[in-house]
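Structure assessment
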Amino acid sequence: MFKFIYDNMTNPQVMFALMSALAVGALIWTAAHSYLDRDRLAARIKNVTLEREKIRARERAKLALDQRRASLRNEAKPFMRQVVERFNLRKALADDGTNSRLRMAGYRGQAPLIIFLFARLVLPVVFFGLALFYLFGISQMEQPPTVKVLMALIAAGVGFYAPVLYVSNIVAKRQTSIRRAWPDALDLLLICVESGMSAEAAFRRVSEEIGAQSVALAEELTLTTAELSYLQERRQAYENLAARTGLDGVKSVMTSLIQAERYGTPLGQSLRVLAQENRDQRMNAAEKKAAALPPKLTVPMIVFFLPVLFGVIIGPAAIQVMHAQGH
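Report on the accompanying structure.

Calculation rules
- Residues numbered from 1 in each chain as written.
- Predicted model: local features only at pLDDT ≥ 70, side-chain atom pairs only at ≥ 80, totals over all residues.
- Heavy atoms only, no water.
- Helix = DSSP H or I, 4+ residues; strand = E, 2+ residues; numbered from the N terminus.
- Buried < 20%, exposed > 50% of the residue type's maximum accessible area, 1.4 Å probe, protein only.
- Contact = heavy atoms within 4.5 Å.
- 1 Å grid on protein atoms, 1.4 Å probe; cavity = no way out; pocket = protein on both sides within 12 Å on 5 of 7 lines; lining within 4 Å.
- Points joined across faces, edges and corners; volume = space filled by probe spheres on them.
- Nonpolar A, V, L, I, M, F, W, Y, C, P; charged D, E, K, R; others polar.
- Salt bridge = Lys/Arg side-chain N within 4 Å of Asp/Glu carboxyl O.
- Axes fitted to C-alpha atoms, helices over the stretch in contact; angles between N-to-C directions.
- Parallel < 35°, antiparallel > 145°, perpendicular 65-115°, else oblique.
- Left-handed = near helix turned anticlockwise from the far one by under 90°.
- Phe/Tyr/Trp six-rings, centres within 6.5 Å; stacked < 30°, edge-to-face > 60°.
- Lys NZ or Arg CZ within 6 Å of the ring centre and 35° of its normal.
- Core = buried A, V, L, I, M, F, W, Y, C linked by side-chain atoms within 4.5 Å.

1. A look at the overall build of the protein
Counting its regular elements, the protein contains 14 helices and zero strands. Overall, the protein shows an N-to-C arrangement of helices and strands of α-α-α-α-α-α-α-α-α-α-α-α-α-α. Within the protein, the fraction of its 327 residues that count as buried is 31%. Summarising the internal contacts of the protein: among those between residues at least 6 apart in sequence, 67% fall at separations of at least 24.

What follows is the structure in structure tokens.
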């Protein structure tokens, strides 16, 4: 049994077939993911409601306003917390930028930070061990041991930066979703403000309407509604929203809201101008992507389309020439 497994794992043809099957499966899963993905808006809004209750409890207890908010996710495992505290990973691997990136990715509180630091400690060891096992135990690569150890160290480096890349990917997806829905949210916010609604009611209404277009934006606006209700200064709630999204369009709107709150200036005209600017920026981004398509399609057309086209055009003539030479 073990000899059969070893022979197959050391056979390049079997490994190539296995990798091809995994690639095809990943392609099928990626194509079907958009159709099988469920609507998580209700669950996320429920979690945000729980966060609102936690903010109310802290306000009643007269705790400091700068205390970190409780997590919307599950708590970290006790052994993860012990490992992080034992090796003092908060000081070694975490800073204010790490906390900001996690909040921008939608991971709030201490539990995601502990899991992130634990992953950055454990994954390099796991990747290094798996690489050594494969290079020295399974692979028949004819390389000196020093080269194999160096390759294992490279795998460990990949494992060290893998959590950072994962968080950056989540941040990019959330920012894309928020950026696309933000102009529409500003239009809804403008309508609510001009109809006489307060800031809390306007944000609450917009969060309910925009959820079908962007779950991430609906979650952030719902959390901002809770902060506007229980924080002593509205400015802090607006600044928190700008920091959680990390988008210039959101920051400019929050600055206008802070100035309107401080000086009592009318907000409708500012929101109308900002909504138009964000809409123009979204259109410019779409036009930029459309203009970049021809250069990107040049290489695929040369590699894949032109040989097939030449085969279709020249193929019948080549067949007739071959038949004529045969006769």
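So much for the structure itself; the text now carries on.
2. Observations regarding empty space enclosed by the protein
Over the atoms a probe the size of a water molecule is rolled, and this reveals where empty space is left. A complete count under the given rule lists one cavity of 30 Å³ or more for this structure. Size it by volume and the largest cavity reaches roughly 50 Å³. If you trace the largest cavity, you find it lined by Trp182, Ala185, Leu186, Leu189, Ala202, Phe203, Val206 and Leu221. Of all the elements in the fold, those that place two or more residues in the lining of the largest cavity are α8 (145-194) and α9 (199-210). For the lining of the largest cavity, the element with the most residues is α8, which contributes four residues. Tallied by class, the residues present in the lining of the largest cavity amount to eight nonpolar, no polar and no charged.

3. Digging into the pattern of salt bridges
Once the charged atoms of two side chains with opposite charge are near each other, the side chains can pair. This model, assessed by the stated rule, comprises 15 salt bridges. In this structure, arginine 244 and glutamate 227 form a salt bridge, with 3.5 Å as the shortest nitrogen-oxygen distance. Here the residue arginine 244 occupies a position in helix α11 (residues 234-245), and glutamate 227 occupies one in helix α10 (residues 215-230), the gap between them amounting to 17 residues. The same class applies to arginine 244 as to glutamate 227, namely buried.

4. Digging into the packing of α8 against α9
Relative to each other, α8 and α9 sit at 140°, their axes nearing to 9 Å. Comparing the axis directions of α8 and α9 gives the class oblique. Like other packed secondary-structure pairs, α8 and α9 cross with a definite hand, here right-handed. Taking contact as the criterion, the partners of Ala181, Asp184, Ala185, Leu188, Leu189 and Cys192 in α8 are, on α9, Ala202, Phe203, Arg205, Val206, Glu209 and Ile210. Across the contact of α8 with α9, the residue classes break down as nine nonpolar, no polar and three charged.

5. Considering the environment of alanine 212
Tracing the backbone shows alanine 212 in the loop between α9 and α10. When its relative accessible area of 79% is taken as the criterion, alanine 212 is described as exposed. A sequence separation of 31 residues divides alanine 212 from alanine 181, and the C-alpha atoms of the two residues are 9.9 Å apart.

6. What about the packing of aromatic side chains?
Enumeration over the complete set of coordinates arrives at three aromatic pairs. Ring geometry for phenylalanine 160 against tyrosine 161: centres 5.1 Å apart, planes inclined by 90°, an arrangement best described as edge-to-face. Exposure remark for phenylalanine 160: the relative accessible area of 25% places this residue in the partly exposed category. Pairing phenylalanine 203 with tyrosine 238 gives two aromatic rings, centres 6.2 Å apart and planes at 35°, and the pair type is tilted. Taken as a pair, phenylalanine 203 in helix α9 and tyrosine 238 in helix α11 lie far apart in primary sequence, 35 residues in all. Look at phenylalanine 203 and you get buried, because its relative accessible area is 3%. A cation sits over an aromatic face here: lysine 148 above phenylalanine 136, 5.3 Å from the ring centre.

7. Section: the nonpolar core
Residues Trp182, Phe203, Leu217, Leu221, Val253 and Met254 are the most contacted members of the largest nonpolar core, which totals 33 residues. Listed by contribution, the elements that provide at least two residues to this core are α8, α9, α10, α11, α12 (248-263) and α13 (268-291). With eight residues, α8 is the largest single contributor of residues to this core. Once you skip the residues sitting within four places of it in the chain, tryptophan 182 turns out to touch Leu217, Leu221, Gly249, Val250, Val253, Met254 and Asn278. In terms of nonpolar packing, the next biggest core, distinct from the first, is built from 17 residues, Leu102, Met104, Ala111 and Leu117 among them.

8. Some thoughts on the packing of α9 against α11
In a pair of packed helices, the angle between the axes and the distance between the axes together describe the arrangement. α11 packs onto α9 with a crossing angle of 25° between their chain directions and a minimal axis gap of 13 Å. Considered as vectors, α9 and α11 are oriented roughly parallel to each other. As for how α9 packs across α11, the hand of that crossing is left-handed. Facing Ala199, Glu200 and Phe203 of α9, the residues of α11 in contact are Arg234, Tyr238 and Leu241.

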